[in-house]
Each structure stands twice: as C-alpha cells, then as structure tokens.
Amino acid sequence: MNINVIKRIFQSVIDNNAVKLILLAVCFIFVSLLYGSIPFVTLPTLGQALWTAGFAQSYYNSGFGEIFASNIGYPQAAPIAFGLSGAFVTSFFVSIGVNSIDSYTIMNLFWIAVTFYGTYGLSKIFKLNFFEYLLVTLLWFSFSCLWNHLGYSMTSIGMILFPFYYYSFFKILQFRRSSFGDGLFFSCVTIVSVFMDGYTFIMFFFSVFLTSFLYCLFHKKKCRKVVFIAVPWGVFSFLLSYFLYMSYIGKSTFQPSSMNFFRAWGGDISYLLIPSKGVYWLWDLLGLSNERLGELNFGDASVWTTTFILPIILVTSFIIYKNSKKSNIIVFFCFISIFALYMSLGPSLKFFSVRPLSEGLMMPEEYASFPTGSELLYKYIPGVNVMRATYRWIVMFYFFQWLIVLYWLSLNDNAKIKKSLIIVTLIMINLPNMKVRLDGYLDYRKQAEDINNSIALELSEDVSKGDIVAFLPYNNDFLVNYLAPKLDIKTFNVGGDKNLSMARKMWPIYMKGFVFNSVDDGFYDRVLLLLLSKETNKVIFPYINFLSSAHDWKNKKIDNERFRYVLQRLEKLSIISVKKRDLYSVISLKDDPQLVREKENVFSEVKRRYCQTPICLKYSAYAPLPTQVAQFTGDSMLSSGKAGYLVFGPYSELERGKYELKVSGVLKSIIKSSLLPFISVDVFSNSRQETYYKHTFTEKEMNRGFTDTLFISNAVTDIEVRVLVGDGVIYELKGYSLDKNDSKTLLEKNK
C-alpha cells in the first residue's frame, strides 16, 4: 500500500464530522487537564482563584450585572484592578447556582473554549485542515509561558487568549464586505482584553500596530486599505477600551516601578536556552535541566520557569532559513517576534547573572552585563512604563513564533506528515510532568474545601450578614476577598496591591490610622476608636497571614503572640467582648444600655491621648516592636548588651513637615567592651533610602532622654524610628514620639 493511499484513507477518516467532534473533544479534555480546569474536581490555582471568586460572589450579592464589589474595600464599592472580564463571567455561573470556586474553574474552561475558536479562525484564514487546526491549537496550549502562569489568574487567561485577540484584528485585514462587522467584533475584543489583563492588552496594542506597519511595508498595494480601514479601527478601539477601563477604576495611570524592578524581572539569556529543573518532564528525564535557586537569581521563579524558548527557536529558524525568500509573511512574523524577545530582556542584558546574598530581589545596574537600550521605552511610554514583569513579553514572542509554524504548516507541499511529526514532537517537549500538575490542581481544590470547612464556617457563626468588619492589622488580604462576599459582610480590607491603594483613600479616619501589617503602639487605641466611633461593629484579629495562607492554606502559620498584649488590655475593659477562636479573635462592644456612660468616658479618654498618623507617630512600650537585640518587658524594650537595633519600624505614614522627636529611656548598665559604648537614633525611609535625622546620645541623654526637631522633606509611607545600641550597652527604652508642630490643628481639620 503506497503513501498516497494511506493519505486518502486518513483524509476520509478525519473528514467525517463524528470523528472531528471526537478529536475536538479529546483535545479539549487534554487541555482542560493540562490547565487544571475540571469543574468540581480540580482548581487551576488557589490564591488568585479565591481573589477572583470573591469579586464574582460580591457582584452576585449586589445583583447580577453589577461590576463593583460592595463587600470589600468598604465604604466605596471596589472596582477590580484587573480581570473584570473573568470575574464577570464567573459571577454568571455563580448566579445559576454554581459555588464561586467551581465557577472560577468553569470560567477558565469558557476562555479556553474561546481560544479554541480563535485558533480555529486563524487556521481557516491560513487554510489548514481540521487535523492541522487541532495540532497547532495543542501546540499553542503546550507553551510553558501559558500553563506555568496559571497562578497569576487573569494574566494567564489574557496570555491564553492571544490567538483570539489577534484573530479579531486579522479578520479586518481580510478587507471583506462585512468589514464593519469585523471592526465592531475587534472593538469588543479590545474591551475584553483591557478588562482581562494590562500586560496582554499592551502586547495586543503593539501587535496590531506593528502588524499594520509591516503589512504596509510588504503589501504596498493594500497599504491604502490598512491606513484608512485597519488603523482607524485600531486607534478607535484601543482608545475606547482605555477610556472605559480608566473610567471604571477611577484613575488614569498607575505608579511606574523603579528600573531595578524592570531589570530584575527581565529574561536572562541562560533562562531562554537552558530549561529549569522541575518544569518540563522530558528535559528532567534526560538530565538536561538546570536547578535554579531563588536566593541566587534576581526576580522570582516565574522569570526562569516560563521563558525557555530553545525548541521553538530551532524549529522556526529552520522554517525561516528555508522559506524567508519565498514568503514575506514569515519575515513579517519574525520581525515582530524579535521585537517581543528584545522587550522581554528588560533594560539590561543578563547572562548567567547571579544575585549576591546581600542584595534583594531587585537588580541594580552594576550586576547587568550592559544596557539593551529599552530603558527609554520602559521609562517614558505610557502603559509600557508599568509593565514591570518585563519577561512577560515572551508571550508575544511565542505567539508570533507559533504563527510562523502555523503558516509553514499551511504551505502546499509534500511534507505535511513530516511537519505534523515535528509539531507533535514540539508539543511533547513543551509539556510538564502531568501527574505532578494534576496532583497540584487536585490539592488546590482540596485546600479551597478546607478553607470553607474551617475559617469560613467558624466566621459564619461569629458575624452576621451586613456586619461592618475590620480585619486588623490590614494587609494585602487575599483571603478576605473570598471570605467577606461568601459571608455577605462588609469590610474595609481588600486583596491586591492596586485595590488596597484605591480603598485606603476612602477609609474613615481611624481605619486610616492603622499601619500595614503592624501591631504598633497605637494599635490598641485605634481598635477602641474604630468600635466606639461606630466606624465598624466588629474587629477581627486573624492569627494567620491572609496573603500567604490564601496561596498555601495547608502550610499556614498560626501566630497569636502578636495580639497577646492587646487582647490582655481589651479583656480588662468592661465594655468590650472578646471571643477567641483557633484562627482568630473577635472583638466587639458589649450591647448593654448600662454601659453607655462608660463607653462615652473611654471614647473621650482615648481620643485625648490618641496619636493620629500621618501627622504623629508614638511608641509607649505597650507592645513589642521589631528588634535585633532586645526583649519586651511588659512596659519597655530592654537591650541584651549586644550591638544592634534595639527597635526599628513601624513603617508608618508621615506627612511632609517639621516634627518634634522625643525619646525616653534609662541606661541600666555598660558591660566592659573593647568598643566605645554608644546609643543613637535615626529616622529613616527604606523606600526612599533616605535618612531624615540622626543623633548620637550624650551621656546625660542616655539617662534622661532628649527632645529635638527634624524636617521630613517629603510625604512617606514607611517611616522608621531606629534606636541603635553599641556592644556592652544595656538600655531600657520607655518610648518615643514624633509630633508634627501643627498636628493638633490638622487632626481637628481631618475630623
């Protein structure tokens, strides 16, 4: 039987509609397994799934069609900083009776199906048959830059959807009679894109306009149509999308990060060419992968686990070498992919870069080989200047490399079987260890159930629908995003850096006074003021970190020591009710008419002594501060005799202005030491790397304390008062205060 007969038999089989449906179903199920999207069985990720599911549940609580979350970020209904396209779809499935966690999984399936449609549309434009369409679709989903980003939720979905996005624009370039309908479709897709994820929206923008430019360059006969049809649709659609997004979140820009961040999260050449251990099954099996430790690399693991591109480069290099002279479109796609690869490197070239143990995750310029020249783009181009995870441009690179493969497969030659085998090999090379991935997805689903059956169940007994609850101290509270809408309570807390930043601006004055993730000296007073002013009716002290435990519930760390001194003081008050649980404590006012006068007296007393940030910072040794060499005695911080910081922190917010600094304490003794004993204090901001004040105690000041003035030259969010003691010094710190000269006037104004 010759090869032509085999081809005809094979073609007749795959042309059968029933066979097509079976093959499509098999491929879809495989992709669903690869992406952990099996409803009621697996969950693609945990932390981001809880975060998104919370928004979706809150939309449903307010009535289907709502796009602001009323349960979190109180008192203002919270817009979701990114991922509305996903959260809204999730809320639809919640509205038909599916629980919010499994609705998240079904939402993932929905967008995977949309991507299947996008790859099908591109396959039809390039005249691939159905079998070839399934092959290139599986190839797209096999890329690690997609499945290894699932932990980033909507960012990963935006990446997955790239073929669908591009298909919507490529339809316009066909210049059909229904071009107006194609244009409207494209506009709708850009709106989906901007509300899904900012990174892929910007990449989509560059893809569209680079395509338009190169299309004109290589197809001059159609350039007029591009300029007068495609480009106007592009300009209109992206401007409309941008306007709608900015109107929704209520701001026009986000704060750009430092260039050291862009540099640290840029791809290293070694990451591109050598796979990381634990990512790809075949490379691990062959012993060709490289183990990369977080403490020795800049950025985080996503940088080196998603940027391995050697296999696709080898294939497309061969394709370009063989076909570039015959086809402009291959060169066209190659140019755009090179641009994306260039952007993914960040502002500096890295080649086997090593992070010194003394450095943090950020990468100072001196550790890079040399600049790539993209710093100007990252500094000055709107949108690009907030794309701090620069390596993510690798998705755009992968997409245009994938298009080269797709176009190559469409070429009418006698090598279809060989090409198909090469693509199958590429798919196999790209895949992870499927058992490990599936075990992880199953575990995420189990952890979500454990959250429902533990803290969510207990909280449902301690709070009631409509309660206004403050989880303190506030943090990047991912888990609250899920718990508050599930219990239908309202809380000031919210998860996500951008969402927290927006919510804080609208918080009432006493809630605003709390310091991020800190049980500082004013914590006790603020809790009382929050309750007595009726800004909230319940305060909850969580013993777990609501950020880390949302991502890894089974390894959560319980810490109730930080609240011990505050709880002891609160329990002594007759007006306060304290209920202790394994994972949290609930604090509320007792509902007793006979306590009204006492509540008023406590309220007046606390207001009288209260120190309100951002115009005052006070430590009175009611609770311990972070320390290197001291222990908390109950009413002071006592140094051990070793050199180091007696106290540092509390990373508080302060306005610009003139302040009075008071430090009180007693020198207990000086142990004999070869070094000169000393005590010094400084006022410092880590984010600005600026010291606003520094003073070494005189001998008298060591026993009496001292008072001095200083000037904070700019508003800061992480001010520290650090007391440093020398070797052999045993010093008892009683407290300190930083008061703005006109703080009383300002406090009255705020009230």
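As shown above, the structure is provided for reference.
What comes next is a walk through the structure.

What counts as what
Residues numbered from 1 in each chain as written. Predicted model: local features only at pLDDT ≥ 70, side-chain atom pairs only at ≥ 80, totals over all residues. Heavy atoms only, no water. Salt bridge = Lys/Arg side-chain N within 4 Å of Asp/Glu carboxyl O. Helix = DSSP H or I, 4+ residues; strand = E, 2+ residues; numbered from the N terminus. Buried < 20%, exposed > 50% of the residue type's maximum accessible area, 1.4 Å probe, protein only. Pairing = 2+ DSSP bridges. Phe/Tyr/Trp six-rings, centres within 6.5 Å; stacked < 30°, edge-to-face > 60°. Lys NZ or Arg CZ within 6 Å of the ring centre and 35° of its normal. Disulfide = S-S within 2.5 Å. Contact = heavy atoms within 4.5 Å. Polar contact = N/O pair within 3.5 Å; in protein donor to acceptor, adjacent residues only side chain to side chain.

Between side chains of opposite charge, a pair can form as their charged atoms come close. One pass over the full model with this rule turns up 26 salt bridges. With its nearest N and O atoms 3.2 Å apart, the salt bridge here joins Arg 581 to Glu 461. Taken as a pair, Arg 581 in the loop between β6 (576-580) and β7 (584-589) and Glu 461 in helix α22 (residues 434-462) lie far apart in primary sequence, 120 residues in all. Residue class for Arg 581 comes out partly exposed when judged on its relative accessible area of 24%. With a relative accessible area of 55%, Glu 461 lands in the exposed category. Of the charged contacts in the structure, one is a salt bridge between Glu 732 and Lys 668, with a shortest N-O distance of 3.7 Å.

Here we come to the pairing of strand β17 (residues 716-725). Sheet faces and side chains relate simply in a regular strand, where the side chains alternate between the two faces. With eight of its ten residues buried, β17 lies for the most part within the structure. As judged from the three bridges shared by strand β11 (residues 644-647) and β17, these two strands associate in the antiparallel manner. Along β17, the bridge assignment pairs Gly 644 with Val 725. Note: strand β12 (residues 650-654) against β17, three bridges, orientation antiparallel. The partner of Pro 650 across the bridge, within β17, is Glu 720. Direction of pairing for strand β14 (residues 679-685) relative to β17: antiparallel, over a ladder of seven bridges. Looking at β17, one finds that Ser 680 is bridged to Leu 724.

Right, let's talk about the sheet that holds strand β5 (residues 538-542) for a bit. Strand order across the open sheet formed by five strands is β4-β3-β5-β7-β6, with mixed pairing between neighbours. Two strands in the sheet have a free side with no partner beyond their single neighbour: β4 (490-491) and β6. Bridge count for strand β3 (residues 468-471) against β4 is two bridges, and the pairing is parallel. Each bridged residue has a counterpart across the sheet, and for Val 469 the counterpart in β4 is Thr 491.

The subject of this paragraph is the packing of aromatic side chains. Following the criterion strictly, the structure yields 76 aromatic pairs and no others. On the basis of an interplanar angle of 85° and a centroid distance of 4.9 Å, the ring pair of Phe 351 and Phe 352 is categorised as edge-to-face. Relative accessible area serves as the criterion here: at 49%, Phe 351 is assigned to the partly exposed category. For Phe 352, a relative accessible area of 45% puts it in the partly exposed group. Seen from the ring of Phe 514, Arg 526 lies directly overhead, with NZ or CZ sitting 5.1 Å from the centre.

Moving on, we get to the state of the cysteines. The final tally for this structure, using the stated rule, is one disulfide. Here Cys 27 is not disulfide-linked; the sulfur of Cys 145 is the nearest cysteine sulfur, at 19 Å. With relative accessibility at 10%, the residue Cys 27 sits in the buried group.

Further remarks concern the environment of Thr 307. Along the chain, Thr 307 falls in the loop between α16 (301-305) and α17 (310-323). Put simply, Thr 307 and Ala 715 are 408 residues apart on the chain and 39 Å apart in space, counted from C-alpha to C-alpha. In this structure, Thr 307 is in contact with Tyr 271, Leu 272, Tyr 391 and Ile 394, ignoring residues within four places of it in sequence. Looking at Thr 307, its side chain comes within polar contact range of the main-chain oxygen of Val 303, at 2.7 Å.

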